Amino acid sequence: MTTNRARRTARAAGLVAVAAAAALSLTACQSGGKDAAGSEEKVSTSPSTGEGGGLGGARTSGAGTGLRTQTTAAHRSTTPAATPRTASPKTPSPVRTQTLPDGSKAEIRKLGAEHYLLKIVNHGDVLGTMEANHRDAGLDANDMFILLTRDGRVQARMGGGHEGPGTFELMGGWTAKVTKVGEDHYRARILGDAGGVSATLDANGQDAGAEVDRVYIVLSAGGVISAHA
C-alpha cells in the first residue's frame, strides 16, 4: 500500500509539472504574438505618417529628388539654343563706266574713302586694273596714259610720252627730271618756274601718276613720262 501511494503521489507531481510547463509555454507564445503584432503595427503606420527619419520618409524624399532632377533635365533639353547674329551683307558700291581714248571702257568702283578701283574692259575682257588708295595712280597701257585720282576721277590720253632718263618740258609750264634708279625703277621730279620740286613720282616695278595743279602726269616703270591737262 505504501508503495502504490508513493507512485500515485509521484505521478500527480509529474502531471502538475507538465501542466505548469504547458502554461508557461502558452504564456510565452501569447507574449511573443503581442510583441510581433505591436512591431507590425509600428512598421505599417510609419510610412503613412511620414514622420521621423524612418525608411518610409527616406523613400519619399528620394522619389521627390529624382522627379525634380528629371524635370530639370527635360527642361534643359527642350530649351532652344541662342541663334547667332548674322552680319548683313555689305551692298557693293555701283560701278561707273567711262569710255577711254582707244574705245575700251573704264569701270570705276569706290572701295572706300579716297579708295577706287579701275578695270579696263574691252568686249567683256579685263585688259588691266589700277587702284588709287589715298594717292593718285597712273598707268601706261600701250601708249595710252591713264590717271586715276584718289577721289575717283579718270583722265586718259593717247601718245605724247617722253622716254627717260632726261629732262623734259611738260604741259602747264612744268619741267620733269627723269632719272633711272634701277631695273624697272625710274623717278621723276616735277619742277616749277622757280626750280623748286613740286612733286615726285616713283615708278618702282609699277607705273605711277600724280595730279599737279590740274596737270595729269604719268610715269611708267620703263621711264616714259607723259603729261596732259
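Just so it is clear, the model here is predicted, and its values are computed rather than measured.

Caption draft 1: Highlighting the sheet that holds strand 12 (residues 197–204). Taken together, the 4 strands give an open sheet; going across it, the order is 9-10-11-12, and neighbouring strands pair in antiparallel fashion. Two strands close off the open sheet at either side, each with one partner strand: strand 9 (166–169) and strand 12. With direction set aside, neighbouring strand axes in the sheet form an average angle of 20°. The pairing of strand 9 with strand 10 (residues 175–182) spans 4 bridges and is antiparallel. Bridge assignment links Glu169 to a residue of strand 10, and that residue is Thr175.

Caption draft 2: Geometry of the environment of Asp125. Its place among the elements puts Asp125 in strand 4 (residues 125–133). The class of Asp125 is partly exposed, set by a relative accessible area of 48%. Note: C-alpha distance between Asp125 and Ser104 (21 residues apart in sequence) is 9.9 Å.

Caption draft 3: Structural view of the side chain of Ser104. Counting through the fold element by element, Ser104 comes out in the loop between strand 1 (95–99) and strand 2 (105–112). At a separation of 2.6 Å, a polar atom in the side chain of Ser104 contacts the side chain of Asp102.

Rules and cut-offs
- Residues numbered from 1 in each chain as written.
- Predicted model: local features only at pLDDT ≥ 70, side-chain atom pairs only at ≥ 80, totals over all residues.
- Heavy atoms only, no water.
- Pairing = 2+ DSSP bridges.
- Helix = DSSP H or I, 4+ residues; strand = E, 2+ residues; numbered from the N terminus.
- Axes fitted to C-alpha atoms, helices over the stretch in contact; angles between N-to-C directions.
- Buried < 20%, exposed > 50% of the residue type's maximum accessible area, 1.4 Å probe, protein only.
- Polar contact = N/O pair within 3.5 Å; in protein donor to acceptor, adjacent residues only side chain to side chain.

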